Amino acid sequence: MTDDAIAPREHLTDWLRDAHAMEQQAEAMLKAMAQRLEHYPDLHSRVVEHLGETRWQREQLEGCLTRLGSSPSTVKDITGKLMAFGESVVAMMASDEVVKGAMAGYVFEHMEIASYTVLIKAADTAGDLQTKGVCEQIIKQEAAMAEWLLQHLPATTSNFLSRSARPGVEAKV
Ligand code: MG
Ligand code: FE
């Protein structure tokens, strides 16, 4: 290997840090959503459930980083790209509209699915089968959440539209 070569394990560690930052962002988003949605009980309970999964995922990633000799405290800040994406999600949430929140959640889950797809391949290439196993468990939770959000988007939309059409009824959250 020449001096400028980078081993798969280094990229894996780097991408795990990105994923950890992503999960911290997910946790903040889901927490914000869980505090609202009082008129959308199904969506609320699924969000609360995924908040629990997200905390577990963050802890698992911390375990992977520790095993790789890195540490969650040295986790670099969210990359520019992720930050920009997060800001757009937060902007959608700030509009206090449940439909946009559910859409943003669906998009976010797919970014997570893409990230863990990359991590599974990188962990496999680096020979880190423990990290691979963790990411395979996590990606199932992300896919299930994405699927749930999509399946319930029509119901969320119609609940929003009917609440919105009634005078004096809060529709947004
Ligand atoms: Mg996640
Ligand atoms: Fe997720």
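This text follows the structure it describes.
Residues numbered from 1 in each chain as written. Chains lettered and ligands numbered in written order. Predicted model: local features only at pLDDT ≥ 70, side-chain atom pairs only at ≥ 80, totals over all residues. Heavy atoms only, no water.

Chemist: Would you mind showing me how to read the packing of helix α2 (residues 41-67) against helix α5 (residues 129-165) here?
Modeler: If you want to describe how two helices pack, look at the angle between their axes and the distance between the axes. Axis separation between α2 and α5 bottoms out at 10 Å; the angle between their running directions is 160°. Taken together, the axes of α2 and α5 lie roughly antiparallel to each other. Remark: the crossing between α2 and α5 carries left-handed chirality. Between α2, through D42, L43, R46, V47, H50, E53, W56, Q57, Q60, L61, C64 and R67, and α5, the contact on the second element is made entirely by Q130, T131, V134, Q137, I138, Q141, E142, A144, M145, W148, L149 and T156. When grouped by side-chain class, the residues that make up the contact of α2 with α5 number eleven nonpolar, eight polar and five charged. (Axes fitted to C-alpha atoms, helices over the stretch in contact; angles between N-to-C directions. Helix = DSSP H or I, 4+ residues; strand = E, 2+ residues; numbered from the N terminus. Parallel < 35°, antiparallel > 145°, perpendicular 65-115°, else oblique. Left-handed = near helix turned anticlockwise from the far one by under 90°. Contact = heavy atoms within 4.5 Å. Nonpolar A, V, L, I, M, F, W, Y, C, P; charged D, E, K, R; others polar.)

Chemist: How should the coordination of the magnesium ion (ligand 1) be read in this particular structure?
Modeler: The expected angle between donors at a tetrahedral four-coordinate metal is 109.5 degrees. At an octahedral six-coordinate metal it is 90 or 180 degrees. Every protein donor of the magnesium ion (ligand 1) is listed here as E23 (OE), E23 (OE), Q57 (OE1), E112 (OE) and E142 (OE), and their distances to the metal cover 2.0 to 2.3 Å. Positions of the donor residues of the magnesium ion (ligand 1), expressed as sequence spacing, correspond to E-x33-Q-x54-E-x29-E. Taken as a pair, the magnesium ion (ligand 1) and the iron ion (ligand 2) lie 3.1 Å from each other and share E112 as a ligand. With a gap of 119 residues between them, E23 in helix α1 (residues 8-34) and E142 in helix α5 connect regions that are remote in the sequence. E23 gets classed as buried once you look at its relative accessible area, which sits at 0%. Look at E142 and you get buried, because its relative accessible area is 0%. (Donors = N, O, S within 2.8 Å, 3.2 Å for Na, K, Ca; no water. Buried < 20%, exposed > 50% of the residue type's maximum accessible area, 1.4 Å probe, protein only.)

Chemist: How should the coordination of the iron ion (ligand 2) be read in this particular structure?
Modeler: Coordination of the iron ion (ligand 2) by the protein is provided by H50 (NE2), E109 (OE), E112 (OE) and E142 (OE), with metal-donor distances spanning 2.1 to 2.3 Å. Geometry at the iron ion (ligand 2) is irregular, judged from the four donor atoms that bind it and their angles of 75 to 164° at the metal. Read from N- to C-terminus, the donor residues coordinating the iron ion (ligand 2) fall into the pattern H-x58-E-x2-E-x29-E. Residue class for E109 comes out buried when judged on its relative accessible area of 5%. Its relative accessible area of 1% is what places E112 among the buried residues. (Tetrahedral: all angles 85-135°; square planar, octahedral: opposite > 155°, others 65-115°.)

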